[in-house]
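Below, each chain spelled out in residue letters.
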Amino acid sequence: MATELGMPAFTNQSQEEEPVGRWGMVIDQDLCTGCQACVAACSMENNVPIVGEDDASYGRYMHWIRIERLWENTEYPEVKMTQFQPMLCQQCHNAPCEPVCPVYASVHSMSEDLNLQVYNRCVGTRYCGNNCPYQVRSFNWLDYQDERIHPELVSLHNHANPDVTVRRRGVMEKCTFCIQRIHKAEDKAKSEGREVEDGEFTTACAQACPANAITFGRLDDPESGINKLAAANRSRAGHALEELRTLPRITYLAGGV
Amino acid sequence: MTTIAKPIARPHGEEHEDPRQYLMHDPLPRGQMNAMVMESMHETSPIFWLITAVLAATVVFSLGYEWYILIMQGQGMAGVTRPDYWGVFLVNTVFWIGISHAGTFISAILRVLKVESRRPFTRAAELMTTFGLVQAGLSIFMHLGRVWLVYWMFPIPNQRTIWPDFHSPLMWDLMAITTYLLCSTMYLFLPLIPDLAMARDRTEGGWLKQFYKILALGFRGTEGEWKNLTTAMNIFAFAIIPVMFSVHTIVSWDFAMATRPGWNSTVFGPYFVIGALHSGMAAVAIVLFLLRSTMKHYKYFIRPEHFNTIGMLMLLVSMAWAYFYFNDYLVPWYGGDVWDKLFQEYAEKGPKAYLWYTMLTCNIAVPWLILWNRKWRETPWLLAIAGILINVGMYLERYIIIPVGVTINRMPFTWRQYEPRIEVPMTVGTFAFFLLLYMLASRLIPLIPVWEVQEGQEAHLIRKIGKAEISTLSDME
Amino acid sequence: MSEAITLLAMFEDIEPASEGVEKLQQLGLNDDDMNVISGIPVKHTILGRPAAITYVSRIGMFGAILGMFLGIFFIYGIPYFYPLLVGGQAIFPIPQGIIITFEMTMLGLMGFSFLGMFIDSGFPSYTPKEYTPEISDGKVALLFSCPVSEQEKFIDALKNAGAVTVAPAEARHL
């Protein structure tokens, strides 16, 4: 049955020719202004809970994308900022978060070449969170959506995206490349008997970015927007934590300094 | 009348010692030993029940009420966060599995190696294994985000038609710990059967007699029954040793399989096994001291010679631990990448550096300073104090690996130091539960395997060779 | 056919018990008709008896094989029926196979040895049996059945060998 799905039965996939992938992103760090519009848009699109000041300051913020601001180890006033680094799930082809889940809640999608997080299967061991080298996984530490914890945020429930489930406590979550939008576009294209066109839809973060720093698209189409961007900026292009060979699907274009 | 053996003070350098001070050469009639053990089981003081009540109350509060809050509110009640996804609950799990290894070491490895001085305390040590594994299992359940769904990790046919993922080290953990728990409980029970038969014979009636009668399975001691029992015990003794090594290796692989800096070390397997033996042997010293001080007649069974054996093993294991720790330290220090070096730097010079220094003092300095001297090794309370300090050190070792070490990762923007919250009372609860189970067990089952003690005493002889009285051992098995 | 009576002879220690066994064998009693009940395991050569046959190791080996197949099913059967790709690892991984097969084999070996001991000894058994509580106090008992007409001969021989008491064995609840 394994071979019927076209998967090699015994070999380690990463030893074969690296597959190109299907959905990917290019993030231009030169354009990123650190405005965090992507963070807000992603939270609204994906019903990411607001955890409140106390928990967020302890590191429990649940943003699926974060803008990392780092500065070099210098004394004030010689503060030298590095470029802003938007960090989100890299949708690695060899995701370290996948084999460590004991209940198959973190699996790899063959058709979309994405890393799937199955909320209703997660039992909350949090090994995947530990094993992600990019530390992009968020855990529902409490029922932040519950009105007993944040009564002031109850009105936000009216803004919840009906296409995305609301997660309860004890469940791990992370960026899905707005898979609800992917599926909507693919369904529409299928019903019209065609392939999804490049640029027909995009993720919430790419949509919201005022500087167009984030671009989303197809990796297997050489004419797609992101492949053209990557080709035009080959000298600046790289992957985060390349040496780990997780084969991420996000290409970063380093900013000029 | 009871016989209390006093250790004979030996000036340094004197070689002649009277073998009659040793348990194996100081036999009492079996009936008398049986009576001593039964008496120590059934005679209790009000203080015993007071302590039991306090422990029970602690368990109800911390494992009942606090855990209820943890489950109903969520893991946010604990001190875990990003990037500190794992915290004290995992430390407790590793710690309790470590404690449990001592039982198997004594009852299995010392039996296979035919170390005779193990005889009186194999059961006391094996009980530590079973009860320690109970605490480990509870601790691992405590850290789950949705613990009510933990049965999804069990590989049983189900209507969801989804099975667990054996790629994951946590599933290897489940298989290994289940195997170890079941096998060590069976291994605890097997040599217990003849002693339960003795207790059955010496109990007149009531629910206790029924209890012993049912558990003794109708054992009489016929040749066939002994043959079956000893064959099964031998199979267990040999087979549980590789399981013991594999269990803590697999627990260490929970960390070694991760890509985190500081965790991804190939030496973790043997390092954790030796660490388990280190804390386990130290815990055995504590338990034996407590048993000898509190249980009536146990000064006959547990003598300074046994503390000497344990002390020597503690010293040996502490040296092995130091070897493995040095390995684990040297390699990243010398040529590790920047993240491994940052991990080490944070442990040694960060805000929790005092834990690191305490760990090294307790794990290396304490055994290496105290356990060389034979007279000190034979002093029960000194060995117990060394045991407590070593266990503190080993707890800190796991604390440094998990909650302190988890601060460092390849994304410095996320670094944050973990502070335990509800884990503190729940950890106290697991310790209280361990002690409570032990205290209740001491009332119900004889903690000294009297038949094994008699077996050993039958095989030992004092023989005059030349001018000296020499202890000899016959191979009667 | 003469009736057989079951007698229980009590000895203080192993040495006189082995003498008693020899006396019974000299009197022509079959090894199958006698049994030694003791408070500690005594090697059959010390008693001068044939080795007791045990099936525990065979049952244990059978259990080990069952456990091995269970382990193989876990690690290779599950992905065969429900293949899911995780982390670029092989669907049928070899290292995990070794770990899980080992653990399940050991569990099968020990679990079935334990059960084998129960099965082979007939545990648990709460029917009345020939026994005296002094056995758990360290005495060695010799349980044997001989023809009723000859019991005096056997009793005298055992008393000469050092038996403390020789009496008809009564099956009682333990």
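Residues numbered from 1 in each chain as written. Chains lettered and ligands numbered in written order. Predicted model: local features only at pLDDT ≥ 70, side-chain atom pairs only at ≥ 80, totals over all residues. Heavy atoms only, no water.

## Quick look at the overall build of chain C
So the rule is basically this: Comment: elements are numbered from the N terminus, with helices defined as DSSP H or I runs of at least four residues and strands as E runs of at least two. Between buried and exposed lies partly exposed: a residue is buried under 20% and exposed over 50% of the maximum accessible area for its type, with that area taken using a 1.4 Å probe on protein chains only. Contacts between residues were defined by any pair of non-hydrogen atoms, one from each residue, lying within 4.5 Å. Using the Shrake-Rupley algorithm and a 1.4 Å probe, accessible areas are obtained, with residue cover drawn only from the displayed protein chains. We score Asp and Glu as negative and Lys and Arg as positive, and we do not count His or the chain ends. All charge positions are set by atom: Lys at NZ, Arg at CZ, Asp at CG, Glu at CD.
A tally of helices and strands in chain C yields 5 helices and 6 strands. Its helices and strands taken in sequence order, chain C reads β-α-β-α-α-α-β-β-α-β-β from the N to the C terminus. On the principal axes, the C-alpha backbone points of chain C span a range of 80 × 30 × 30 Å. Looking at chain C as a whole, 51% of its 174 residues are labelled buried. Partitioning the intrachain contacts of chain C with sequence separation of at least 6 by distance along the chain shows that 80% fall at a separation of at least 24. Carbon and sulfur atoms form 61% of the exposed surface of chain C, whose accessible area is close to 8000 Å². Each charge class in chain C can be summarised by its mean position, and for the 9 positive and 18 negative side chains these summaries are 2 Å apart.

## Quick word on the sheet that holds strand β1 (residues 23-28) of chain A
Residues and elements named next belong to chain A. What counts is decided by this rule: Here, strands pair whenever DSSP counts at least two bridges between them.
Pairing is mixed in the open sheet, where 4 strands are placed in the order β8-β1-β10-β9. The sheet terminates laterally at β8 (214-218) and β9 (237-238), the two strands that pair on one side only. As defined by bridge partners, β9 adjoins strand β10 (residues 250-253) across 2 bridges and the pair is classed as antiparallel. Paired with Ala237 across the two strands is Leu253, which belongs to β10.

## Concerning the sheet that holds strand β5 (residues 165-168) of chain C
Sheet strands line up and pair through hydrogen bonds in the backbone, either parallel or antiparallel. Residue and element names in this part refer to chain C. The following threshold applies: Structural elements are reduced to axes, namely lines fitted to C-alpha atoms, with helices fitted over the stretch in contact, and the angle between N-to-C directions of any two is expressed from 0 to 180 degrees.
Taken in spatial order, the 4 strands of this open sheet run β2-β4-β1-β5, and their pairing is antiparallel. A single partner strand is all that each edge strand has here, and the edge strands are β2 (34-37) and β5. Strand-to-strand twist in this sheet, taken as the mean axis angle between neighbours without regard to direction, amounts to 20°. One ladder, built from 4 bridges, connects β2 with strand β4 (residues 140-147); its direction is antiparallel. Within the sheet, the bridge partner assigned to Met34 lies in β4 and is Phe144.

## Description of the pattern of salt bridges
Quick note on the threshold: The rule for a salt bridge is simple: a side-chain nitrogen of Lys or Arg has to be within 4 Å of a carboxyl oxygen of Asp or Glu.
Under the criterion given, the structure shown has 35 salt bridges over all chains. Glu452 of chain B is the salt-bridge partner of Arg111 of chain B, the closest N and O atoms lying 2.7 Å from each other. In this pair, Arg111 of chain B is assigned in helix α3 (residues 88-112) and Glu452 of chain B in helix α16 (residues 450-459), connecting sequence segments 341 residues apart. Here Arg111 of chain B falls in the buried class, since its relative accessible area comes to 11%. One salt bridge in this structure joins Lys153 of chain C and Glu150 of chain C, with 3.5 Å as the shortest N-O distance. Classification of Glu150 of chain C by relative accessible area gives partly exposed; the value is 31%. Each of Glu192, Arg194, Glu197 and Glu200 of chain A takes part in salt bridges that share partners, so that together they form one network.

## So, the domain arrangement of chain C
Put simply, the rule reads: The source of the domain bounds is an automatic or database domain assignment.
On domain assignment, one finds that chain C holds domain 1 (4-50 + 128-172) and domain 2 (56-121). Here the C-alpha centre of domain 2 of chain C lies 45 Å away from the C-alpha centre of domain 1 of chain C.

## What to know about the interface of chain C and chain B
Cut-off, in case you're wondering: Two parts lose some accessible area (1.4 Å probe) when they are put together, and adding that loss for both gives the buried area. Any N or O atom pair separated by 3.5 Å or less is treated as a polar contact, with the protein-specific requirement of one donor-capable and one acceptor-capable atom, and with residues adjacent in sequence counted only for side-chain atom pairs.
Contact residues are listed per partner, giving 62 residues for chain C and 59 residues for chain B. Carbon and sulfur atoms make up 69% of the area that chain C and chain B hide from each other, which totals about 5200 Å². When residues of chain C are sorted by the area they lose upon contact with chain B, Pro41, Met110 and Leu174 of chain C head the list and together hold 13% of the total. Where chain C touches chain B, the interface holds 3 salt bridges. Residues Arg220 of chain B and Glu130 of chain C are paired through a salt bridge, measuring 3.9 Å at the closest nitrogen-oxygen approach. Taken together, the links from chain C to chain B amount to 21 residue pairs in polar contact (both at pLDDT 80 or more).

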